[in-house]
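Commentary on secondary and tertiary structure
If you want the building blocks of each chain, they are given just below.
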Amino acid sequence: MFGLEKPAGRREPGGSGGFPKMASVGDFNVLSSSIPDHSHALLNASIGCRNLLDRDTFSKSDPICVLYTQAIGNKEWREFGRTEVIDNTLNPDFVRKFIMDYFFEERENLRFDFYDVDSKSPNLSKHDFLGQMFCTLGEIVGSQGSRLEKSIVGIPGKKCGTVIVTAEELGCCRDSVLMQFCANKLDKKDFFGKSDPFLVFHRSNEDGSFTICHKTEVIKNTLNPVWQAFKISVRALCNGDYDRTIKVEVYDWDRDGSHDFIGEFTTSYRELSRGQSQFNVYEVINPKKKGKKKKYVNSGTVTLLSFLIETEVSFLDYIKGGTQINFTVAIDFTASNGNPSQPTSLHYMNPYQLNAYGMALKAVGEIIQDYDSDKMFPALGFGARLPPDGRVSHEFALNGNPQNPYCHGIDGVMEAYYRSLKSVQLYGPTNFAPVINHVARYAASVKDGSQYFVLLIITDGVISDMAQTKESIVNASKLPMSIIIVGVGPAEFDAMEELDGDVVRISSRGKFAERDIVQFVPFRDYIDRSGNHVLSMARLAKDVLAEIPEQFLSYMRVRGIKPSPAPPPYTPPIHVLQTQI
């Protein structure tokens with residue numbers, strides 16, 4: 001989560017990343033960089049306030065902002081960092097930013113406290129409290145343009161002003177480069193033929209050591225190889241530092257793994273970025289040969305043929321550009337759940353704690369709701385007999401209004417769920433296809449990237465319409481939607497694993513799903529043994545939501561949809577700032 005032990009606004013220098021130290025250059029496959037984690041980002045949060053309380057008699061307040069975070073499953077607030085103090089203003093725009101880790105699948109509670117600083121003491125109780133603001137990191141990111149404006153509260157009977165928090169993704173390390181190299185007149189190393197050359201790239205670390213970050217393929221039997229173009233992230237190549245040394249070694253491949261060293265050269269990202277030119281023709285030098293032979297010139301040359309920068313667009317680029325995530329929930333009302341009035345039922349309404357359905361719904365919904373501006377969620381049920389005539393439905397509105405199945409907020413969904421438990425009769429069978437098709441109809445009407453749909457199905461059991469559900473999922477895989485299935489209770493969930501498609505891509509009538517859009521988890525795997533339900537819910541949400549950003553991006557990529565430009569950044573009114581550190 002947050003790097004709590006690090007001071008705000010500071011980042012640790014990059015370590016060696018996900019690559020092993022150079023040992024043997026065994027196989028000659030490309031060493032790919034680690035899989036990008038699309039649900040994670042590094043954010044820069046800027047804080048500004050308007051109309052703060054004035055606590056000073058002869059001048060205006062001298063405000064400071066203190067940020068607190070909460071650990072998962074723990075109510076305790078811990079200080080994350082402080083801004084600088086700005087003298088004599090009720091409308092500060094703080095210069096010092098908070099750099100924080102963002103994970104789509106985790107709910108990160110934040111608290112911003114404001115004080116009027118009256119002395120040099122670091123002890124906050126020695127200063128006047130100006131109020132506070134509570135929010136989640138998702139709320140900031142999900143606001144239009146990732147800019148959240150909220151009232152400051154905490155002093156009864158007083159208007160405490162507003163706070164503006166803007167989150168910006170630190171994007172310098174999102175670039176990748178596509179490069180291609182060739183070589184000329186390399187040293188001949190093989191007795192019977194020419195050399196079998198390949199290149200090994202290393203980035204330098206803070207301590208002067210080197211870490212391998214890429215290997216090209218081997219080109220057999222030539223002293224003038226042309227290697228295939230390869231793509232590597234700028235972070236892997238030089239940790240985002242354009243002037244850091246990049247060392248390139250040239251080897252002659254041998255079957256037994258004892259590859260012969262031909263020579264080496266050094267460069268940097270900045271040099272390479274000049275592209276194909278006389279600056280990017282490198283002499284390959286073998287230091288041992290150079291030391292022994294007076295007439296030694298080089299062991300050949302390596303030339304950069306092309307250099308193309310590609311910026312990866314991120315999940316947050318789309319959210320910032322206004323893409324809305326629409327959340328729909330579908331709840332299993334089949335008789336196998338047990339009579340809701342009995343404590344053994346999975347639908348039992350315990351007055352003291354949530355049942356498994358309530359926990360799964362709240363865990364996922366409370367995170368997703370931050371990305372939906374109107375906070376109106378369709379809530380459906382399936383597998384019940386409905387009043388007044390007892391007809392069986394696999395797609396009914398929990399609020400009893402089929403024309404408008406929307407509930408306000410996750411609390412509204414919970415209320416509608418409890419109300420329908422009292423009015424419908426649990427029945428069967430367990431059919432998923434109708435609720436999947438319900439959401440798919442909406443998703444099919446907005447394919448321009450402005451909306452993405454997430455359906456949460458919570459079920460206790462064995463699915464009855466497997467063939468139809470598979471067909472619905474294959475059809476839905478072409479649409480801007482994802483499906484999360486949470487299995488509650490003790491049943492065997494083998495069929496659900498098949499729908500998940502992680503091992504074998506799901507297919508129907510010989511057609512395979514275009515994308516993997518289903519994530520299944522059994523709720524029992526997340527129950528905390530100590531009975532800490534907050535922890536169970538956080539773990540569940542983390543696992544079921546972690547794949548959504550990648551599924552979302554895969555849809556946008558396949559359709560060639562780029563993020564909309566973010567709304568213009570907020571420009572604060574000009575006033576003189578006197579910054580005191």
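Starting afresh in each chain, residues are numbered from 1 along the sequence in its written order. Given that the model is predicted, a residue must reach a pLDDT of at least 70 before its local features are reported, and side-chain atom pairs must reach 80 or more before they are shown or counted; all residues, however, enter totals for whole chains, interfaces and linings. The side-chain quantities take in all heavy atoms of the structure and omit both hydrogens and water.

Details of the UniProt feature "domain: VWFA" (unreviewed entry) in the chain
Put simply, the rule is: UniProt positions are given in the numbering used here, feature names are shortened, and annotations may be inferred rather than shown by experiment. Secondary structure follows DSSP: runs of H or I at least 4 residues long count as helices, runs of E at least 2 residues long count as strands, and numbering of each begins at the N terminus.
Those places that UniProt annotates as "domain: VWFA" (unreviewed entry) correspond, in this numbering, to residues 326–527. Structurally, residues 326–527 comprises 29% helix and 26% strand, and the distance from its first C-alpha atom to its last is 27 Å.

Structural notes on the packing of helix H6 (residues 356–368) against helix H11 (residues 533–545)
Put simply, the rule reads: Angles shown run from 0 to 180 degrees and are taken between the N-to-C directions of axes, each axis being a line fitted to C-alpha atoms and, for helices, limited to the stretch in contact. When describing relative orientation, an angle under 35 degrees is termed roughly parallel and one over 145 degrees roughly antiparallel, while 65 to 115 degrees is termed roughly perpendicular and anything else oblique. Left-handed describes a crossing whose near helix is turned anticlockwise from the far helix through less than a right angle; right-handed describes the clockwise counterpart. Note on contacts: a residue pair qualifies if any of its non-hydrogen atoms lie within 4.5 Å across the two residues. The classification used treats Ala, Val, Leu, Ile, Met, Phe, Trp, Tyr, Cys and Pro as nonpolar, Asp, Glu, Lys and Arg as charged, and all other residues, Gly among them, as polar.
For the pair H6 and H11, interaxial distance at closest approach is 9 Å and the crossing angle is 60°. Taken together, H6 and H11 sit at an angle that is classed as oblique. Viewed along their axes, H6 and H11 form a crossing whose handedness is right-handed. For the pair H6 and H11, the contacting residues are Met359, Ala360, Lys362, Ala363, Val364, Ile367 and Ile368 in the first and His533, Met537, Leu540, Ala541, Val544 and Leu545 in the second. Here the contact of H6 with H11 is composed, by residue class, of eleven nonpolar, one polar and one charged.

A short note on the domain arrangement of the chain
Just so we agree on the cut-off: Bear in mind that the domain bounds are from an automatic or database domain assignment.
Taken as a whole, the chain is organised into domain 1 (40–169), domain 2 (175–311) and domain 3 (323–559). Taking only C-alpha atoms into account, the centre of domain 2 sits 52 Å from that of domain 3.

Some points on the side chain of Asp62
Condition: Throughout, exposure labels follow a simple rule: accessible area from a 1.4 Å probe, protein chains only, divided by the maximum for the residue type, with under 20% read as buried, over 50% as exposed, and the rest as partly exposed. Under the convention used here, Asp and Glu are negative, Lys and Arg are positive, and both His and the chain ends fall outside the count. The term salt bridge refers to a side-chain nitrogen of Lys or Arg lying within 4 Å of a carboxyl oxygen of Asp or Glu. A 3.5 Å cut-off defines polar contacts: any pair of N or O atoms within that distance qualifies, except that in protein one atom must be a possible hydrogen donor and the other a possible acceptor, and neighbouring residues in sequence count only when both atoms are side-chain atoms.
When you line up the elements, Asp62 lands in the loop between strand E1 (40–50) and strand E2 (63–70). No salt bridge is formed by the buried Asp62. Its closest oppositely charged neighbour is Lys120, at 9.9 Å. Polar contacts involving the side chain of Asp62 include one to the main-chain amide nitrogen of Asn88, which spans 2.7 Å. Excluding residues within four positions of it along the chain, Asp62 makes contact with Asp56, Val85, Ile86, Asp87, Asn88, Tyr115, Asp116 and Val117.

Observations concerning the environment of Phe103
Within the element layout of this structure, Phe103 appears in strand E5 (residues 98–103). Linking Phe103 and Ala41, residues 62 residues apart in sequence, is a C-alpha distance of 6.7 Å.

What to know about a negative patch on the surface
Defined as follows: Surface patches are drawn from residues lacking salt bridges whose relative accessible area is over 30%; two like charges belong together within 9 Å, two nonpolar side chains (Val, Leu, Ile, Met, Phe, Trp, Tyr) within 5 Å. Areas reported here follow the Shrake-Rupley algorithm with a probe of radius 1.4 Å; residue values treat only the protein chains shown as occluding. To locate a charge, take NZ of a lysine, CZ of an arginine, CG of an aspartate or CD of a glutamate.
A contiguous patch of negative charge on the surface is contributed by Glu492, Asp494, Glu497, Asp502, Asp525 and Asp543. Residue Glu492 is classed as exposed on the basis of its relative accessible area of 58%.

Section: the side chain of Asn280
In this structure, Asn280 sits in the loop between helix H3 (269–272) and strand E16 (281–283). Only 2.4 Å separates the side chain of Asn280 from the side chain of Tyr282, close enough to count as a polar contact. Filtering out sequence-adjacent residues up to four positions away, Asn280 remains in contact with Glu271, Leu272, Arg274, Gly275, Val302, Thr303 and Leu304.

Quick look at the pattern of salt bridges
Overall, the coordinates contain 19 salt bridges when judged by the stated rule. Glu310 is the partner of Lys231 in a salt bridge, and the nearest nitrogen-oxygen pair spans 3.0 Å. Here the residue Lys231 occupies a position in strand E13 (residues 230–233), and Glu310 occupies one in strand E17 (residues 301–311), the gap between them amounting to 79 residues. The exposure class assigned to Lys231 is partly exposed, which follows from its relative accessible area of 44%. For Glu310, a relative accessible area of 28% translates into the label partly exposed. Taking the shortest distance from any N to any O, the salt bridge between Arg270 and Asp243 comes out at 2.7 Å. Of this pair, Arg270 sits in helix H3 while Asp243 sits in the loop between helix H2 (234–238) and strand E14 (245–252); the two residues are 27 residues apart in sequence, bridging distant segments of the chain. Looking at Asp243, the relative accessible area reads 51%, which means it is exposed. Three or more residues are tied together by salt bridges with common partners; here these are Lys231, Glu310 and Glu312.

Comments concerning the sheet that holds strand E9 (residues 162–169)
To be explicit about the condition: Note on pairing: two strands pair once DSSP finds at least 2 bridges between them.
Spatially, four strands are ordered E5-E1-E9-E8 in an open sheet, and the strand pairing comes out antiparallel. At either end of the open sheet lies a strand with only one pairing partner, and these are E5 and strand E8 (147–151). Strand-to-strand twist across the sheet, computed as the mean angle between neighbouring axes with direction ignored, equals 30°.

Observations regarding the pairing of strand E10 (residues 175–184)
Most of E10 is tucked away, with seven of its ten residues classed as buried. Pairing geometry for E10 and E17, over ten bridges, is antiparallel. Bridging across to E17, Leu178 finds its partner in Leu308. The pairing of E10 with E13 spans four bridges and is antiparallel. Bridging from a neighbouring strand, Leu178 pairs with Lys231 of E13.

Digging into the nonpolar core
Threshold: By convention a nonpolar core is built from buried Ala, Val, Leu, Ile, Met, Phe, Trp, Tyr and Cys residues, the set being connected through side-chain atoms within 4.5 Å.
Formed by 89 residues in total, the largest nonpolar core has its most connected members in Tyr102, Phe112, Phe114, Phe333, Val486 and Leu545. The element best represented in this core is H6, accounting for nine residues. Inspection of this core shows a minimum of three residues originating in each of domain 1 (40–169) and domain 3 (323–559). Beyond its immediate stretch of four places on either side in the chain, Leu545 contacts Phe104, Glu105, Val364, Ile367, Ile368 and Ile484. With 33 residues, the next largest nonpolar core counts Ile212, Val218, Val234 and Leu237 among its residues.

Things to note about unusual backbone geometry
A cis amide bond, omega 0°, links Pro387 with the succeeding residue Pro388. For the peptide bond that leads from Gly428 to Pro429, omega is -10°, which places it in the cis range. Positioned with a positive phi, Lys185 is a non-glycine residue whose angle comes to about 50°. Positionally, Lys185 belongs in the loop between E10 and strand E11 (197–204). In the Ramachandran plot, Asn221 falls in the positive-phi region, its phi being about 55° despite a non-glycine side chain. Summarising the element assignment, Asn221 is placed in the loop between strand E12 (210–215) and E13.

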